[in-house]
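Inside the fold
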Amino acid sequence: MTAAAPAVAADAELARNGGFEAGLAGWNCTAGAVVTTPVRSGTSALKATPAGSDHAKCAQTVTVRPNSTYTLSGWVRGSYVYLGASGTGTTDVSTWTQSADAFKQLSTTFKTGASTTQVQIYTHGWYGTPAYYADDLSLLGPGDPTQPQPPAPPTGLAAGTVTSTTAALSWSASTGATSYAVYRNGVKAATVTGTSATLTGLSPATAYSVQVAAVNADGESAKSAAVTVTTPPGGGDPDPGGGLPAHALVGYLHSSFANGSGYVKMADVPASWDVINLAFGEPTSVTSGDIRFRLCPVAECPTVESEADFKAAIKAKQAQGKKVLISIGGQNGQVRLTTAAARDTFVASVSKIIDEYGLNGLDIDFEGHSLSLDTADTDFKNPTTPVVVNLVSAVKSLKAKYGKDFVLTMAPETFFVQLGYQFYGVGKWGGQDPRAGAYLPVIHALRDDLTLLHVQDYNSGPIMGLDNQYHSMGGADFHIAMTDMLLTGFPVAGDANNVFPPLRPEQVAIGMPASTQAGNGWVSSAEVNKALDCLTKKTNCGSYQTHGTWPSLRGLMTWSINWDRFNNQEFSRNFDAYFGS
């Protein structure tokens, strides 16, 4: 006979009171206290203040198994914040951040020595620095085999039917569990005995982070991986500015200026283009709100058509089912609606352009310093900055005037949208660029009126994705990561209690340059197709794993129709071939 192998305990959560919901119980702190704000999840977090030679260490001794591997993690906020483990019996470990103005996750692993049964886990700041914060500290690994263990964390958490006020959840059973705790945005919302639950009392058009933990008489497991559940609006138009094909190609037409790409008459725009954005309507001054549009002067564009021919060509395109919009702003058209008077002038002048040319709607392409956030404006759901509030009000007025068929699109840069995952405005402690994430309150306030959001995935610096890794232009990975953020939603400035809800896939197109001359970040057709494969089919994803599959992703946007023609229409032809147009 052979002896049976000893049972190996599932990895368990060994840190006690890692979220500080029970005060400082289980922790030995030299200069720590529990606070209710800021927190990463739940209702409490640690605040510890270094002073003199005391760097405000908080520590806990944990029982472990010899020759075993453990993962230590936690969320911290502040300058020079450390997380580590000592007494491991091998190589003690620590990790740190130089500066985090929002909660940032730190993580490290270690292996215990042959005779190690206890380690000390800790967090601390540094001499002469301000207070730091810590929350959701965790040590995962094998527990003491002589002691009863809580169950392993549940797996397979998924959302079923979601209404404007409820969400059905299900997950796989954990061996030994007698009940399950369901958490909504880090706060326990329900306890059930089975492997399903329905959350009630939710708000319409809101994103919730949901987790579940397994429970038995010996304790509660670590929480499962989080799933984002977004409730639909309680009412409103499910497809604002509809009438687009299932997969649409959006392009900008250089109508008011010349550059090296050459002028293209409206009548000569190929049928591939479903939405044609006239570039650009620009203000008479930055703060006037008075938007003007004119065709390119003959001196710049010798082949420009007449006003009458231009208008007739617009009608012909619309008869073919195409949408023609006025795009406001662009690289040189700074628009800041600082006053109510500027707002009203904006509405009147944009209406005049739409009426004169018989257009289908408006594209907002505010760049540069058009949008920035005031110092005290920290909540994207309730903005107070005049240039934001007035823009939202102006667009709502235009939507009300032209009705449900009004097409509204936006083309922000990544700095104004996805960068908001890390930074929002000047930040809680000041010093950040006030433009960071500044489009988020506009998108959120207008999401029920928004036809398409096509962020410019070009001319961008590296941006952190939901995998907490930086992604750079030049391949499918960048487009996948940036689009996944829009379709999954994300905590703004790292605040798990302040989540930007995902957009519907029908509202999202990926913005790309049409040629190497059009902008930094051009990718080949093969890379374009990889990005589409990953997002719509979950194939060819490479190293980045998306949080869903979206076959109804609306399509692509490019700068520009002119540059695509200059490049032998490679971009539009590839789009047609991919979607079978």
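My aim in this report is to walk through the structure given alongside it, one point at a time.

What counts, and at which threshold
- Starting from 1, residues in each chain are numbered consecutively following that chain's sequence as written.
- A pLDDT threshold of at least 70 governs which residues receive local features in this predicted model, and a stricter bar of 80 or more applies before side-chain atom pairs are shown or counted, although totals over entire chains, interfaces and linings include all residues.
- With hydrogens and water set aside, each side-chain value is computed from the structure's full complement of heavy atoms.
- Cavities and pockets are defined on a 1 Å grid built over the protein atoms alone: a cavity is a set of grid points where a 1.4 Å probe fits but cannot escape, while a pocket is an open set with protein on both sides within 12 Å along at least five of seven lines, and lining residues are those with an atom within 4 Å of any such point.
- Grid points are joined across faces, edges and corners, and a volume is the space filled by probe spheres set on the points.
- Secondary structure elements are defined from DSSP: runs of H or I of at least 4 residues count as helices, runs of E of at least 2 residues count as strands, and each element is numbered from the N terminus.
- Three residue categories are used. Nonpolar comprises Ala, Val, Leu, Ile, Met, Phe, Trp, Tyr, Cys and Pro, charged comprises Asp, Glu, Lys and Arg, and polar comprises the others, including Gly.
- Take the buried residues of types Ala, Val, Leu, Ile, Met, Phe, Trp, Tyr and Cys, join any two whose side-chain atoms come within 4.5 Å, and each joined set is a nonpolar core.
- Burial status follows relative accessibility: with a 1.4 Å probe on protein chains alone, a residue under 20% of its type maximum counts as buried, one over 50% as exposed, and anything between as partly exposed.
- Should any heavy atoms of two residues lie within 4.5 Å, those residues are counted as being in contact.
- Pairs were defined over the aromatic rings of Phe, Tyr and Trp, the Trp ring being its six-membered one, requiring ring centres within 6.5 Å. Orientation was assigned from the angle between planes: stacked under 30 degrees, edge-to-face over 60, tilted for the rest.
- Look at NZ for Lys and CZ for Arg. If either is within 6 Å of the ring centre and within 35 degrees of the ring normal, a charge sits over the ring.
- With axes taken as lines fitted to C-alpha atoms, and helix axes fitted only over the stretch in contact, angles between N-to-C directions fall between 0 and 180 degrees.
- For any pair of crossing helices, the crossing counts as left-handed if the nearer helix is rotated counterclockwise from the farther one by less than a right angle, and right-handed if it is rotated clockwise.

We now examine empty space enclosed by the protein. All chains considered together, the criterion is met by three cavities of 30 Å³ or more. What lines the largest cavity is P513, A514, W522, V523, S524, S525, V528, E570, F571 and N574. Among the elements of the structure, α6 (525-537) and α8 (570-579) are those that each provide at least two residues to the lining of the largest cavity. Counting residues per element, the lining of the largest cavity draws most heavily on α8, which supplies three residues. For the second largest cavity, the calculated volume is near 30 Å³. Classifying every residue of the lining of the second largest cavity by side-chain character gives four nonpolar, one polar and three charged.

Quick look at the nonpolar core now. Ranked by size, the top nonpolar core spans 111 residues in total, and within it M266, F346, L362 and M410 carry the most contacts. Ranked by residue count, the leading element in this core is helix α5 (residues 476-488), at eight residues. Here M266 is in contact with L253, I276, L278, E305, F310, A313, I314, K317 and V324, once residues within four sequence places are set aside. If you look at the next biggest cluster of nonpolar residues, it comprises 27 residues, including L14, V76, V81 and I121.

Now for the packing of aromatic side chains. The geometry of an aromatic ring pair is captured by the separation of the ring centres together with the interplanar angle, meaning the angle of the planes. Applying the stated criterion across every chain yields a total of 24 aromatic pairs. Ring geometry for Y70 and F110: centres 5.7 Å apart, planes at 20 degrees, overall stacked. Note that Y70 is positioned in strand β6 (residues 69-86) and F110 in strand β7 (residues 93-111), a separation of 40 residues in sequence. Exposure remark for Y70: the relative accessible area of 1% places this residue in the buried category. Judged by its relative accessible area of 4%, F110 is buried. Between Y578 and F579, the ring centres sit 4.9 Å apart and the planes meet at 75 degrees, which makes this aromatic pair edge-to-face. For Y578, a relative accessible area of 21% gives the class partly exposed. Taken together through their ring pairs, the aromatic side chains of Y80, Y82, W96, W126 and Y127 make up a single cluster. When the ring centre of Y122 is taken as reference, the NZ or CZ atom of K57 above it lies at 4.7 Å. Its end group placed over the ring of Y183, K223 keeps NZ or CZ at 4.5 Å from the ring centre.

With that out of the way, let us pick up the layout of surface pockets. What the second largest pocket holds in volume is close to 440 Å³. Lining the second largest pocket are 18 residues, with F280, G330, Q331, E367 and W559 sitting closest to its centre. For the lining of the second largest pocket, the elements supplying multiple residues, two or more each, are β19 (275-283) and β30 (555-559). In the lining of the second largest pocket, the residues fall into eight nonpolar, six polar and four charged.

Let us look at the packing of helix α2 (residues 340-357) against helix α3 (residues 386-402). At a minimum axis distance of 9 Å, the contact between α2 and α3 shows a crossing angle of 35 degrees. Both α2 and α3 take part in a crossing whose hand is right-handed. Residues A340, R343, F346, V347, V350, S351, I354 and D355 of α2 form the contact with α3, whose own contacting residues are N390, S393, A394, S397, L398, K401 and Y402. The class makeup of the residues in the contact of α2 with α3 is eight nonpolar, four polar and three charged.

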